[in-house]
Amino acid sequence: MTEIAPRVGKPGEVAHADPKNVRRAAWAGLVGTALEQYDFIIYGTASALIFSKLFFPSISPVAGMIAAFSAYAIGFLARPLGGLFFSHFGERYGRKWVLVSTLFLMGAATFLIGCLPTYETAGVLAPILLVLLRFLQGFGAGAEQAGGATLLTETAPLGKRGRLASFVMVGAAFGTVLGALAWVLAQLLPDDVLLSWGWRMIFWASLFVTVGAWIIRMKMAESPIFVELKKSVDVEHAAPLKEVAKHGTKNVLKVIFMNWGISTQSYTYQVFMASYLITFVGVDKHFVPNVLLYGALFGSAAAYLMGLLSDRFGRRRMFLVLAGAAILIPFPAFMAVNTGSHFWIIVVMALGFITAAQGITAVTMSFFPEMFGARYRYAGVTLGREFSSIIGGGIAPLVAAGLMAWFFNSWIPVAGYMVLTMVVSFLVARTVPETVNRDLQILTDARPGEARPGLTAANDAAASRVAA
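A quick note: this is a predicted structure, and the numbers were derived from the prediction, not measured. (Residues numbered from 1 in each chain as written. Predicted model: local features only at pLDDT ≥ 70, side-chain atom pairs only at ≥ 80, totals over all residues. Heavy atoms only, no water.)

## A word on the overall build of the protein
Broken down by element type, the protein carries 21 helices and zero strands. In the protein, which comprises 468 residues, the share counted as buried stands at 60%. Residue pairs in contact within the protein that sit at least 24 positions apart in sequence constitute 86% of those at least 6 positions apart. Within the structure as shown, the protein displays about 17,100 Å² of accessible surface, and the carbon and sulfur contribution to it stands at 70%. (Helix = DSSP H or I, 4+ residues; strand = E, 2+ residues; numbered from the N terminus. Buried < 20%, exposed > 50% of the residue type's maximum accessible area, 1.4 Å probe, protein only. Contact = heavy atoms within 4.5 Å. Areas by Shrake-Rupley, 256 points an atom, 1.4 Å probe, with all protein chains shown as cover.)

Below, the structure written as structure tokens:
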């Protein structure tokens, strides 16, 4: 006899979700993540182009690049702390509360970076303040994407979770587009103007995205799964982090390593590659934001497409296909960009965005939430994704720059590093069961046989009655 998993709430899940709430949730996830990615792209691009001059001018160019990327990495080291803090409240007070709170923290930190004095006017205080604000940026971002992914996965009708949760990464791609466009326009200014106030305008512009995202998020509804959970569980006195430690540690570790290769490759393409193209390939620095722009446009389409395909073919299968492709690309990619051909550089960046930066990440937006039980889903996804930033995304540009310096400017160790981390992600993903359309009201983590492939909103009511 098949064991019935404990669940919460009435059968039916989000069988016939309110279309208005689904649209608002999709826009909330898209716009909020666009702000987060805009913040990180403009900061990462500034680190590659000008921050070494403005905040670390007294050291060599290579050391200045490493120092700038070290400050960049601080934001990622802060993300797990933000994840710990906000996931606790996300499981108590709801996904919406956290998404509104983190929005203001990220937006304020980004705006204030544009107000900072430079090393020339404030000395060592300038890089200290830069690192502090970068820390606050990362602290706020620590629950942003996980919150958007969890809310959208829990709000979407069955059969459409993958495509709707992918809007989080569509938003990330649009954020990259906005950030790249901002730098394209800023670089039309004379160099002295760009270094004096032009770069500040890019950071101040985040205010408009923050206000727009706040209006949308205030109007969205809470996750229906969380609403049902509140009826059966005393969430305000719950200890979600303790629950994760007790019941979800194995899946948190799996998410950490599944996300390791993704975040490493994603930020190697999005951040390190800009410095590599300028410093080692000799590409005009004005071309770099255009490369990011093209890559992000391909990435936005890939994010939705991969989410859609994961609804049809399964999360696990699409993850493995994309991870396999990402393992094969790095060595040919570096050989292609080293030609200096603008065409091949654009092709490489497009492939990087299609696979690691947006495509495979879009699949995880529904895959990771479906892996966890209802009582600690937000905390599990957040902790897994953000602790992976310690070994992945945040330090990836720094590690890549260090490998270049250590191995006499050779790109081979960097490509090997990208391959190694993605191989780990691929192998760990093979140990995870398929989760597509899994009942999100089940309190325990995903187990083999709980996936419901092919289930749609038209027939989910009968299937939910059987599952219950």
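## A word on the pattern of salt bridges
A full pass over the atoms with the stated rule returns nine salt bridges. Here Arg-315 and Asp-311 are joined by a salt bridge, their closest N and O atoms 2.9 Å apart. Accessibility expressed as a relative area gives 7% for Asp-311, which makes it buried. A salt bridge links Arg-447 to Glu-450; its shortest N-O distance comes to 3.6 Å. (Salt bridge = Lys/Arg side-chain N within 4 Å of Asp/Glu carboxyl O.)

## Side note on the packing of helix H19 (residues 396–406) against helix H20 (residues 412–429)
Their axes nearest at 8 Å, the elements H19 and H20 cross at an angle of 145 degrees. Taken as a pair, H19 and H20 cross one another with a handedness that is right-handed. Two secondary-structure elements touch here, H19 through Ala-396, Val-399, Ala-400, Leu-403 and Met-404 and H20 through Pro-413, Val-414 and Tyr-417. Along the lines of polarity and charge, the residues of the contact of H19 with H20 split into eight nonpolar, no polar and no charged. (Axes fitted to C-alpha atoms, helices over the stretch in contact; angles between N-to-C directions. Left-handed = near helix turned anticlockwise from the far one by under 90°. Nonpolar A, V, L, I, M, F, W, Y, C, P; charged D, E, K, R; others polar.)

## Description of empty space enclosed by the protein
On inspection of all chains with the given rule, the structure shows one cavity of 30 Å³ or more. By volume, the largest cavity is sized at about 200 Å³. Taken together, 19 residues form the lining of the largest cavity, with Arg-79, Gln-145, Ser-263, Tyr-267 and Arg-385 sitting closest to its centre. Looking at the lining of the largest cavity, the elements with two or more residues in it are helix H3 (61–93), helix H13 (240–281), helix H17 (342–371) and helix H18 (377–391). No other element matches the six residues that H13 contributes to the lining of the largest cavity. Looking at the lining of the largest cavity residue by residue, the classes come out as five nonpolar, 11 polar and three charged. (1 Å grid on protein atoms, 1.4 Å probe; cavity = no way out; pocket = protein on both sides within 12 Å on 5 of 7 lines; lining within 4 Å. Points joined across faces, edges and corners; volume = space filled by probe spheres on them.)

## Let's talk about H17
Taking 1.5 Å per residue, 30 residues should reach 44 Å; H17 reaches 41 Å between its end C-alpha atoms and fits that length. At Phe-353, H17 shows its strongest bend, of approximately 45 degrees. The buried fraction of H17 is high, at 23 of 30 residues. (Expected span 1.5 Å × (residues − 1). Bend = angle between axes of the 7 residues up to and from the residue.)

## Details of H18
Given a rise of 1.5 Å per residue, 15 residues ought to cover 21 Å, and the 22 Å separating the end C-alpha atoms of H18 matches this to within 8%. H18 sits mainly inside the fold: 12 of its 15 residues count as buried. Within the span of H18, buried status applies to Arg-377, Tyr-378, Ala-379, Gly-380, Val-381, Thr-382, Leu-383, Gly-384, Arg-385, Glu-386, Ser-388 and Ser-389.

## Comments concerning the confidence of the model for the protein
Across the protein, the average pLDDT comes to 82, with 85% of residues at or above 70. Between residues 457–468, whose pLDDT stays under 50, and residues either more than four places distant or in other chains, the model counts 19 contacts. (pLDDT = per-residue confidence, 0-100.)

## A closer look at the packing of aromatic side chains
Per the counting criterion, the structure on display carries 17 aromatic pairs. Members of the aromatic cluster, joined through ring pairs, are Phe-272, Tyr-276, Phe-280, Phe-331, Phe-334 and Trp-411. The lysine or arginine in question, Arg-134, covers the ring of Tyr-43, its NZ or CZ lying 4.7 Å from the ring centre. (Phe/Tyr/Trp six-rings, centres within 6.5 Å; stacked < 30°, edge-to-face > 60°. Lys NZ or Arg CZ within 6 Å of the ring centre and 35° of its normal.)

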